[in-house]
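# Chains, contacts and geometry: an overview
Spelled out from the first residue to the last, the chains are:
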Amino acid sequence: MLFVEFRFFWFFLAVFAVYWSLRENRTRKIWLLACSYFFYACWNWKFLFLIVASSALDYFVGAMLARTDDPGKRRGWLILSLTANLGTIAFFKYYNFFVTSAAALLAWLGLHPSLHTLNIIIPVGVSFYTFHSMSYTIDVYRRKLEPVRSPIDLACFIGFFPQMVAGPIVRASQFLPQLRSVRRFADVDARGALVLFLTGFIKKACIADALAPFVDRYFDAPWNFTAGSAWVAVLFYAIQIYCDFSGYTDMAIATAALLGYQLPVNFRFPYFAANISDFWHRWHISLSTWLRDYLYIALGGNRGPAWFVYRNIMITMLLGGLWHGGAWTFVIWGGLHGLALVVHRAWSGKRKTLPEAREMEGRALSRPYDAGAVAPGSMRDATAGVPPVGPRTFAGWLAWLVTIYWVCFAWIFFRAIDLPHAVPALRSFVFLSSGGSEDLGVWMLWIVAALGFVHWLNSRATFSTWWRRPSAPVFAAGYGCAFAIVLLFIPPHYAPFIYFQF
Amino acid sequence: MTKVSKNGLYVVIALAAFLATSGLIHSLVPPIIPKGVAAKLKFFAGHKDEFDTLLVGTSSIYYSVSPEIFDRITRENGLPTRTFNFGIDAMHPPENFYVLDQILKTQPRNLKWVFLETANIETKLHKVLGTERAVYWHDWPRTALTLRKALNPRGDANWVIQISRLWLARRDLATHLTLFAQRFCNVGRATEILFPQNREVDADLELGPRRDGYRLAGNAMTPEDAASFQKRLDEEIAHARPKPLDPAADGVYRSYATRLREIGAVPLFVVPPLIFQSPVSFGQSSPGPLFPFNDARTYPMLFDPKVRIDDAHLTREGAEEFTRLLAQEFVRRARQP
C-alpha cells in the first residue's frame with residue numbers, strides 16, 4: 001500500500017476515525033499497532049514475523065539491560081540485539097552481494113569454489129525498522145533511555161506505519177515519550193499536516209513519477225543516448241530521487257501529525273547546500289544523524305589526528321552507501337561522498353572557509369547539530385531556524401556549483417543498474433562524449449530550471465503561510481479543489497517509492 | 001455547534017469541493033484512450049462511412065479475421081461487404097461494450113452488420129496491459145456490470161447471498177471501484193495532454209498492412225506445444241457441456257442488439273475457434289444469429305496444431321481458413337429468411 005494509492009486514503013480514513021474516537025491511550029496504541037501491522041501485511045504478511053520478532057527481542061534485551069549493571073553482561077545483551085538486527089539485514093540484503101563478491105575475488109585469485117546465491121525477497125523497509133529497533137537498545141545500553149514497560153509501546157514505535165517502511169528513521173528517545181502521553185486532537189495542526197501531505201503527494205506523484213520513465217529509459221541503455229541526454233537523465237534523476245524520498249517523508253510526517261505524533265524533519269533543501277558537508281546536513285538527515293551518533297562516534301568520531309577522522313568519515317560513508325543495498329554502485333556512491341567530505345574537511349582546515357559558504361553551511365557530519373530533532377510543535381515550524389539558502393556571492397555560487405556537480409556525479413553510481421551501465425553515463429556526463437544517437441530532448445532542461453525556481457521560492461518561505469489566512473470552510477473547499485486538480489497531473493500509473501527497496 | 005461537528009462539516013465541504021471539481025474537469029477534459037484502441041477509433045472515425053461490416057472482439061478476432069478475404073468471399077457470393085476488424089488485444093466484455101459505444105457515437109451511416117465476439121463478463125484484469133488500459137473503460141455502467149457479475153455471477157443470488165459474497169469478491173470490488181474512482185478523478189489526464197509523446201500511436205502497426213484492422217499474430221506452435229494443445233483439446237471435448245452466458249453478459253448483449261437494430265444494423269454473435277469447447281448460448285432466444293466456431297468436431301481444420309499459435313490464436317493459414325468459413329456461414333445465414 002502506497003501513500004499515493006486510493007486504498008491508502010480509505011485505510012487512513014478508517015485509522016483516523018477510529019483512533020480519535022477512542023479515549024484510552026492504551027486502546028489507541030493497540031489500534032495503531034494493529035493498523036500498522038495490517039499496513040505492512042498488505043505488502044507481504046509473511047514478513048510481519050520479522051518485525052514482531054525484532055520488537056520482541058529488543059523488548060527483552062531492554063528489560064535485561066535494565067536488570068544488570070555488569071558491563072560484560074550489558075555488552076553481551078547489546079551484542080545479541082545488534083547481531084540479530086544486523087544479521088537480519090545482512091541476510092536479506094547482503095547475502096547475495098557477499099557471495100557474488102567473494103566468488104569474483106576467489107575467481108580472480110584462480111580459485112573456483114561452488115558458491116550459490118539465493119532467490120531472496122528483501123522485506124520492504126527492513127533497513128528502516130531495524131535501525132529504529134537498534135536505536136532503542138543502544139540508547140538503553142548507553143543509559144540515555146529508560147527501557148519501556150509496555151511491549152505495546154515498543155512495538156508501536158518500531159512498527160508505526162507512517163515511518164515503518166521508508167523512514168524517517170526515528171529515535172526511540174524521540175518517539176517513546178510521545179506514546180506515553182495522551183494525544184489531543186486540539187493540539188494537531190491539521191491544516192499544516194494537510195498542506196504538507198498535499199505537498200508530498202505532488203512531489204511524489206506529479207514530479208518524481210512523471211520523470212521516472214525518462215530516467216529509466218536512459219539508464220536501461222545509456223550507451224544508446226547522446227551526451228546531452230545524459231545531462232537530462234542525471235538531473236532528472238536528482239530531482240526524481242529528491243521528490244520521491246522527500247515527498248514520501250512529507251506524507252509520513254503529515255500522516256503521523258494527523259494522529260498527533262511528530263516525526264523528525266528529514267530534508268532541508270539539500271540541493272541548495274553550500275558544500276558537501278552542508279549537503280549531508282540537509283539530505284536524509286535522520287540517516288546521517290543516526291550514522292553519526294551510532295557509528296561515527298562509536299568509531300572515535302573526530303577525537304584524534306586528521307587521518308583518524310578521515311578514516312572514520314570514510315568508514316561511515318562507505319557503510320552508509322552499503323546501507324542502501326548490496327551493490328558496488330552503492331558502495332562507490334558512499335565512497336565518493338566520503339571522499340568529498342574528507343576533501344572538504346581538509347580544505348576547511350587549511351583555508352579560511354568562504355564567508356558565503358560559512359553563512360549557508362549547516363554543521364558538518366562530525367559536529368553536533370539538532371537537525372534530527374523532532375519538528376517542534378507543528379508543521380509551521382518545519383523550516384524554523386534554517387538559515388536562508390542559496391548562494392549570494394561569486395564564491396558562493398562556485399561552491400554551490402561544485403557541490404551540486406559532485407552530488408549529481410555520484411547519483412550516476414546510485415542509479416546505474418551496475419558498473420558497466422554507469423561507465424557510459426559517466427563518460428557522457430563528464431566528458432560530454434557519447435557514441436549514442438538517441439535523444440531524450442535537451443529542451444527538457446527547462447523542466448529542471450522551472451522546478452529549481454519553484455524550489456528556490458519555497459526555500460524563501462514564499463508558500464509557507466498564505467494558506468493559513470483563509471477561514472476554515474474556505475480552506476476546506478480550496479483543499480478539495482486543489483486535490484482534484486493535482487490528480488490531473490499525475491501519471492496514470494504509480495511507481496513504488498525508490499527508498500522502499502532499501 | 002461542537003468542535004467535532006464543525007470538523008465534520010469541513011470534511012464534507014472538502015469532499016464536496018473535490019467531487020464537484022473532479023466532475024467539472026471530467027466533463028471538460030477528454031479521457032485517455034490507450035494506444036491500440038485509440039488508433040483504431042481514430043481511423044474508424046475518419047472512415048466511418050466507408051465500412052458496412054464491423055468485427056468487435058479480442059485478439060482472437062484481431063489476428064484471425066481478414067477483412068480482405070471476408071469481403072472477397074461475400075462479394076463472390078453476391079452479398080458485397082466492406083469490413084473493418086475492430087479486434088483489440090484482450091478486449092473482453094465489458095470493455096468491448098465501451099468501445100462499441102465509442103464506435104456508435106461516431107454515427108456511422110452505412111453500418112449494416114456488426115459481429116460481436118460473445119463471451120462472459122470478465123471481472124479479472126490482465127495486469128500486463130497496464131493501468132491505463134484498465135482505467136479508460138471504467139465508467140459507471142461498465143463498473144456496475146462487473147460489480148454485478150462479481151457479486152452475483154449466476155444471476156440467481158438473493159441479497160443475503162450477495163452480501164455474503166462481498167468478502168469473497170472483495171479484491172474484484174476494490175479493483176474495479178478504484179479504477180472507476182481513478183477515471184472519475186481524471187488521474188493523469190493533464191499529463192497525457194502535456195506529454196503527448198507518451199501517446200504516440202503506431203497506427204500502421206495497429207491497423208495492419210491493409211489498414212483494415214487485421215494483422216498476423218505469429219507462427220505455428222512447436223511440436224511439444226502441439227502435443228500439449230492436443231491433449232488439452234481432447235480434455236475440453238470430453239468435458240464440453242452447454243454453457244449459457246452469464247446473466248449480466250446476456251442482458252447487455254441483448255440491449256446492444258436492440259441498439260444496433262435501431263440504427264439499421266444487424267447484430268451477429270461470434271465465438272472464435274478457442275480451445276474452450278463448451279457450446280455458448282444465450283439464456284432464452286438468441287438476440288441475433290450466433291456463429292459458434294469453438295467446435296473442433298465441426299471445424300477440425302481450425303484446431304489442427306499446424307494452423308494454431310496457441311489456445312486462442314491462429315496462424316496465417318488458420319486465419320484465412322477461419323475467415324472463409326465465417327464469411328460463407330455469414331452469407332448462408334444472411335440469405336435465410
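Quick caveat: nothing in here was measured; it's all calculated off a predicted structure. (Residues numbered from 1 in each chain as written. Chains lettered and ligands numbered in written order. Predicted model: local features only at pLDDT ≥ 70, side-chain atom pairs only at ≥ 80, totals over all residues. Heavy atoms only, no water.)

What follows concerns the overall build of chain A. Helix and strand counts for chain A come out as 19 helices and zero strands. Looking at chain A as a whole, 57% of its 502 residues are labelled buried. Contacts spanning at least 24 positions in sequence make up 78% of the contacts within chain A whose residues lie at least 6 apart. (Helix = DSSP H or I, 4+ residues; strand = E, 2+ residues; numbered from the N terminus. Buried < 20%, exposed > 50% of the residue type's maximum accessible area, 1.4 Å probe, protein only. Contact = heavy atoms within 4.5 Å.)

As a further point, take the interface of chain B and chain A. Tallying the contact residues gives 25 residues for chain B and 20 residues for chain A. Taken together, the two surfaces of chain B and chain A that pack against each other cover about 2000 Å², and 77% of this comes from carbon and sulfur. Connecting chain B to chain A are zero salt bridges. Counting every contact that joins chain B to chain A gives four residue pairs in polar contact (both at pLDDT 80 or more). Going through the elements one at a time, helix 1 (3–28), helix 6 (131–135), helix 9 (170–184) and helix 10 (189–194) of chain B are the ones with two or more residues in the side of chain B that touches chain A. Class assignment for the residues of the side of chain B that touches chain A results in twelve nonpolar, ten polar and three charged. (Buried area = accessible area lost by both parts, 1.4 Å probe. Salt bridge = Lys/Arg side-chain N within 4 Å of Asp/Glu carboxyl O. Polar contact = N/O pair within 3.5 Å; in protein donor to acceptor, adjacent residues only side chain to side chain. Nonpolar A, V, L, I, M, F, W, Y, C, P; charged D, E, K, R; others polar.)

Before going further, it helps to examine the packing of helix 12 (residues 285–296) of chain A against helix 13 (residues 306–323) of chain A. Residues and elements named next belong to chain A. Where helix 12 meets helix 13, the axes come as close as 11 Å, and the angle between the chain directions of the two elements is 125°. Viewed along their axes, helix 12 and helix 13 adopt a mutual orientation that is oblique. Crossing of helix 12 over helix 13 shows right-handed handedness. Contacts between helix 12 and helix 13 involve L287, L291, L295 and Y296 from the first element and V309, N312, I313, T316, L319, G320 and W323 from the second. (Axes fitted to C-alpha atoms, helices over the stretch in contact; angles between N-to-C directions. Parallel < 35°, antiparallel > 145°, perpendicular 65-115°, else oblique. Left-handed = near helix turned anticlockwise from the far one by under 90°.)

Let us now look at helix 5 (residues 95–105) of chain B. Residue and element names in this part refer to chain B. Burial of helix 5 is extensive: ten of the eleven residues sit out of reach of the surface. Buried within helix 5 are the following residues: E95, N96, F97, Y98, V99, L100, D101, Q102, I103 and L104. Looking at the residues trailing helix 5, positive phi occurs at Q107, about 50°.

So, on to the confidence of the model for chain A. Averaged over all residues, the pLDDT of chain A is 83; the fraction at 70 or higher stands at 87%. Between residues 352–385 of chain A, whose pLDDT stays under 50, and residues either more than four places distant or in other chains, the model counts 87 contacts. (pLDDT = per-residue confidence, 0-100.)

Before going further, it helps to spend a moment on the environment of A:K204. Along the polypeptide, A:K204 turns up in helix 9 (residues 190–220). In this structure, the C-alpha to C-alpha distance between A:K204 and A:M317, residues 113 residues apart in sequence, is 27 Å.

So, about helix 4 (residues 67–76) of chain B. Residue pairs spaced three or four apart in an α-helix point in one direction, given the helix's 3.6 residues per turn. Residues and elements named next belong to chain B. Along helix 4, the positions that sit buried rather than exposed are P67, I69, F70, D71, I73 and T74. Elements in contact with the buried residues of helix 4: strand 1 (53–57), strand 2 (83–87), strand 3 (113–117) and helix 14 (316–335). Just past helix 4, the residue G78 takes up positive phi, approximately 80°.

Another point: the packing of aromatic side chains. Scanning all chains against the criterion turns up 82 aromatic pairs over all chains. On the basis of an interplanar angle of 80° and a centroid distance of 5.9 Å, the ring pair of A:F214 and A:F236 is categorised as edge-to-face. Taken together, the residues A:F214 in helix 9 and A:F236 in helix 10 (residues 227–258) connect sequence positions 22 residues apart. By the burial criterion, A:F214 is buried, and A:F236 matches it. Here B:R170 stacks its cationic end above the ring of B:W167, 3.8 Å away from the centre of that ring. (Phe/Tyr/Trp six-rings, centres within 6.5 Å; stacked < 30°, edge-to-face > 60°. Lys NZ or Arg CZ within 6 Å of the ring centre and 35° of its normal.)

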